[in-house]
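Descriptive structure summary
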Number of protein chains: 2
Amino acid sequence: MPATLKDIAKEVGKSITTVSRALHGYDDVSPETIALVRRVADEMGYTPNIMAQRLQKQRTDTIGFILPTFGPRFSDPFFSEFLAGIGNRAAKLGYDLLVSTRPPGEEELSTYRRKVQSHLVDGFVIVRTRRHDPRIEYLCQADFPFVAFGRTENNCDFPYVDEDGEHGMRLMAHHLADLGHKDIAFIAAPDELMFAHYRSKGFKEGLEERGVHLDEKLIVTGDLTQRDGFRQATSLLELTNPPTAIAACNDLMAMGAISAAQKRGLIVGKDIAITGFDNIPLAEHSHPPLTTIHQPIYQIGDMVCEILIRRIKGESVETDHALLEPTLVIRETCGGNQ
Amino acid sequence: MPATLKDIAKEVGKSITTVSRALHGYDDVSPETIALVRRVADEMGYTPNIMAQRLQKQRTDTIGFILPTFGPRFSDPFFSEFLAGIGNRAAKLGYDLLVSTRPPGEEELSTYRRKVQSHLVDGFVIVRTRRHDPRIEYLCQADFPFVAFGRTENNCDFPYVDEDGEHGMRLMAHHLADLGHKDIAFIAAPDELMFAHYRSKGFKEGLEERGVHLDEKLIVTGDLTQRDGFRQATSLLELTNPPTAIAACNDLMAMGAISAAQKRGLIVGKDIAITGFDNIPLAEHSHPPLTTIHQPIYQIGDMVCEILIRRIKGESVETDHALLEPTLVIRETCGGNQ
DNA sequence: ATTCTATTCCAAAACGTTTTGGGAGTCAAT
DNA sequence: ATTGACTCCCAAAACGTTTTGGAATAGAAT
């Protein structure tokens, strides 16, 4: 139904070649013909058929992003913000974004494989890297363009952007130690997740540097959701010697911990200190506002996307191992300023 | 580089036609040939070139979803959950999901137009309908498949799934009135948003039905973010006659309102009642847990996507005007159960 | 008159698939 | 011997674009 090059060619009485070249403004077409073709194309409401273009050009101008989701009640503020970051940048550079949702596992990997082999996307954005990450291993070995948000322990070189979570958590540990806390608990996340690993590492080192002992019994692991933060904090607070401070691996769990403490009648910021990591928008307006580590997620999405597209286009990339310095955002969950 | 039908044909000494038909299991190919072709295809690691398939089939097996985003600090739990709903259903039915992010406006509409005209997607999922919605108007007039989450006042018939927000908010109004509140404030959202319109309408009607007067000065409008909920609630609480209950148009603003109240030293659930709408995961674990209206966002995404794909395939759709009954979830922000 | 250069155009191939409309061969029934 | 049915196969067209490798014409330089 919609107009094609052939239709225009018939209309103006020229060949398909000439029409195509006229529309692209090649200089082996006379100015008059160019004007004519453009006018007619406009009148006929011509838009190129993208599939035909892609088949011919052998590229898709599309980047892939596979969200690692668990379960239906999936709602992590991290992802919507990150998505906006890559989405806006991609649009600005004329790329589309193909999004899938897959729980980590075999099916996830085969989704990558299928999309690579069938030329569905020109490159991938990887998030939530794992210590041993099969996605990265596969894409490296297939020599397919991708950029990761996060590092990994796989033995291959690839471009990434990452926050220095180790350093961030060290700052947090110092902060808590300097406030005089001795019994500090840590709600970690699965160590298989690279960012969780770094954050745990930084936290432990930070306390050690201040000479504070971190009791193994006060280290628990949550699944990053607010619900689990609530659960883990509750069990910590039920100990015979409950901690005076709880550091969570991310804001969502920290917010769950705040609820848990308040439910037991504790005043957060006075009876107990609680900290997070991420500085999601919710953190600023929780009650009390959450002390956390800021991480510019939107900008990271933006950077990752830009680096990826440069790589796809074969342009040189100045920095393809960026490590961002996170900053400590002191609000009210550790007291000191009410 | 990757194997094509031609390569396989050469390898097995048959025509391209036969190879194609063998791979699709047509019964005009001998079983032996089918087995042979399949084996060789496997060995050569054949995957069909999707662009070629799409060009030939004149469809993309892709559905489009354009997120209406405002500003970089975009983080609405609603969207990630909804996205998971449509993403998972699409994957199950063999469809891809093409996501864009665009602030509402001229550019948004031209994005729709471009994607339609260049055959980039087979259909659209529309969210956050507006009272007068140019997207819907355009897609209707272009006779392009789409399904909306939400209704509109445009004068055209189209398939949608919606929650009955009017009814939901009426329930909430009754709840607050029945608890004895007289001075009730409402944090609305821009009336141009269809769901906000229904929710405001239902709330006003609900109070009227109980004979409670809703003071115009106690109606304010927020932008759906927690930050603005905080701001609007703060100004409400600073009035000389502050309300004893605040109903927010969504959970995020309600959570902002909770913070605002707590910041002023009020005990939520005792000194003041606060309610939301949506039942996002965070609502369950806020402190105190939020009384709200439950809306099954994931399932709605799932339904919308399924209806859309049936329409694309030309299958008959039994219900293409679904109105879901929301339910009242009573937690602790209105008191009564501590 | 010939050659050269510029200008403007186009036929055909290519991208990789699916589908159409048969063709060739075999075997059994007439 | 002819017909019909059945099985297995394939050449060619089609989808709509871009690119390759010239061709045709006109004017200028030799």
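Only a predicted model underlies this, so the values are computations on that prediction, with no experimental measurement involved.

Cut-off values and rules
Residues numbered from 1 in each chain as written. Chains lettered and ligands numbered in written order. Predicted model: local features only at pLDDT ≥ 70, side-chain atom pairs only at ≥ 80, totals over all residues. Heavy atoms only, no water. Buried < 20%, exposed > 50% of the residue type's maximum accessible area, 1.4 Å probe, protein only. Near = heavy atom within 4 Å. Polar contact = N/O pair within 3.5 Å; in protein donor to acceptor, adjacent residues only side chain to side chain. Helix = DSSP H or I, 4+ residues; strand = E, 2+ residues; numbered from the N terminus. Nonpolar A, V, L, I, M, F, W, Y, C, P; charged D, E, K, R; others polar. Least-squares fit on C-alpha atoms with pLDDT ≥ 70 in both. Contact = heavy atoms within 4.5 Å. Pairing = 2+ DSSP bridges. Axes fitted to C-alpha atoms, helices over the stretch in contact; angles between N-to-C directions. Core = buried A, V, L, I, M, F, W, Y, C linked by side-chain atoms within 4.5 Å. Phe/Tyr/Trp six-rings, centres within 6.5 Å; stacked < 30°, edge-to-face > 60°. Lys NZ or Arg CZ within 6 Å of the ring centre and 35° of its normal.

**Things to note about unusual backbone geometry**
The phi torsion of most residues other than glycine is negative, and most of the peptide bonds are trans. Residues and elements named next belong to chain A. Of note, the bond from His287 into Pro288 is cis; its omega dihedral lies within 30 degrees of zero at -5°. Within the chain, Asp61 stands out as a residue other than glycine whose phi angle is a positive 50°. Residue classification places Asp61 among the partly exposed positions, given a relative accessible area of 25%.

**Focus on the protein's contact with DNA strand D**
Around DNA strand D, the structure places 25 residues, and the nearest of them are Leu5 and Tyr46 of chain A together with Lys14, Thr17 and Thr18 of chain B. Atoms of DNA strand D within 4 Å of the protein: sugar and phosphate make up 63%, bases the balance. Ser20 of chain A has a polar side-chain atom sitting 2.9 Å from a phosphate oxygen of DNA strand D. In the model, a phosphate oxygen of DNA strand D is placed 2.8 Å from a nitrogen or oxygen of the Lys14 of chain B side chain. Only α2 (16-23) and α4 (50-57) of chain A together with α2 (16-23) and α4 (50-57) of chain B provide two or more residues apiece to the surface near DNA strand D. Per-element accounting of the surface near DNA strand D gives the leading share, 4 residues, to α2 of chain A. For the surface near DNA strand D, the class distribution of residues is 8 nonpolar, 14 polar and 3 charged.

**Observations regarding the relation of the copies chain B and chain A**
With an axial shift of 0.1 Å and an RMSD of 0.2 Å, the rotation relating chain B to chain A amounts to 180°. Taken together, the turn and the small shift mark the pair as related by a two-fold rotation axis. Closest approach to the rotation axis within chain B is made by the C-alpha atom of Leu98 of chain B, at a distance of 2.3 Å. The share of interface residues of chain B whose copies in chain A are also at the interface is 100%, consistent with both copies meeting through the same surface.

**Quick notes on the sheet that holds strand β8 (residues 245-248) of chain B**
Sheet strands pair by backbone hydrogen bonding; their relative direction is either parallel or antiparallel. All names here are of chain B. With parallel pairing, 4 strands are arranged side by side in an open sheet as β7-β6-β8-β9. Among the strands making up the open sheet, the edge pair consists of β7 (219-221) and β9 (273-275). Sheet twist, expressed as the mean angle between neighbouring strand axes with direction ignored, is 15°. Both strand β6 (residues 184-188) and β7 contribute to a ladder of 3 bridges, which runs parallel. The residue bridging Ile187 from the neighbouring strand is Val220, located in β7. Along the sheet, helix α11 (residues 251-263) contacts β6, β8 and β9; its crossing angle with β9, the most-contacted strand, is approximately 160°.

**As for the nonpolar core**
Counting residues in each nonpolar core, the largest one holds 80 residues, and the members touching the most others are Ile187, Phe203, Ile246 and Ile274 of chain A together with Ile187, Ile246 and Ile274 of chain B. Once residues lying within four places of it in the same chain are set aside, the contact partners of Ile187 of chain A are Val220, Gly222, Gly229, Gln232, Ala233, Leu236, Ile246, Ala247, Ala248, Cys249, Met253 and Ala257 of chain A. Membership of the second largest hydrophobic core comes to 57 residues, among which are Leu67, Val99 and Leu308 of chain A together with Val99 of chain B.

**Observations regarding the environment of Tyr46 of chain B**
Residues and elements named next belong to chain B. The topology assignment puts Tyr46 in the loop between α3 (31-43) and α4. Spatially, the C-alpha atom of Tyr46 lies 6.6 Å from that of Thr4, the residues being 42 residues apart in sequence. Every residue in contact with Tyr46, bar those within four places of it in the chain, is listed here: Ala3, Thr4, Leu5, Ile8, Leu23 and Ala41.

**Description of the sheet that holds strand β9 (residues 273-275) of chain A**
All names here are of chain A. With respect to topology, 4 strands assemble into an open sheet ordered β7-β6-β8-β9, the strand pairing being parallel. Of all strands in the sheet, those bounded by a partner on one side alone are β7 (219-221) and β9. Across this sheet, the average inter-strand angle for adjacent strands is 15°, counted without regard to direction. Bridging between strand β6 (residues 184-188) and strand β8 (residues 245-248) involves 4 bridges; their strand directions are parallel. Bridge pairing in β8 places Ile187 opposite Ala248. Here helix α9 (residues 194-209) sits on the sheet and contacts β6, β7 and β8; the angle it forms with β6, its principal contact strand, is near 165°. Helix α11 (residues 251-263) contacts β6, β8 and β9 of the sheet and is inclined by roughly 160° relative to β9.

**Considering the packing of aromatic side chains**
All names here are of chain A. Following the criterion strictly, the structure yields 20 aromatic pairs over all chains and no others. A centroid spacing of 4.8 Å and a plane angle of 80° characterise the contact between Phe78 and Phe79, whose relative ring orientation is edge-to-face. Of the two residues, Phe78 and Phe79, both sit in the buried class. Here Tyr112 and Phe124 contribute two aromatic rings whose centre-to-centre distance is 4.7 Å and whose plane-to-plane angle is 55°, an arrangement assigned as tilted. In this pair, Tyr112 is assigned in helix α6 (residues 106-117) and Phe124 in strand β3 (residues 123-126), connecting sequence segments 12 residues apart. Residue classification places Phe124 among the buried positions, given a relative accessible area of 0%. A cation over an aromatic ring shows up here: Arg128 above the ring of Phe78, its NZ or CZ 5.7 Å from the ring centre.

**Points about the protein's contact with DNA strand C**
Surrounding DNA strand C, one finds 25 residues, the nearest of these being Thr17 and Thr18 of chain A together with Leu5, His24 and Tyr46 of chain B. Separating a phosphate oxygen of DNA strand C from a backbone N or O atom of Asn49 of chain B is a distance of 3.3 Å. Looking at the surface near DNA strand C, the elements that each hand over two or more residues are α2 and α4 of chain A together with α2 and α4 of chain B. Sorting elements by how many residues they give to the surface near DNA strand C places α2 of chain B first, with 4 residues. Per-class residue counts for the surface near DNA strand C are 8 nonpolar, 14 polar and 3 charged.

Just geometry here; none of it tells us what the structure is for.
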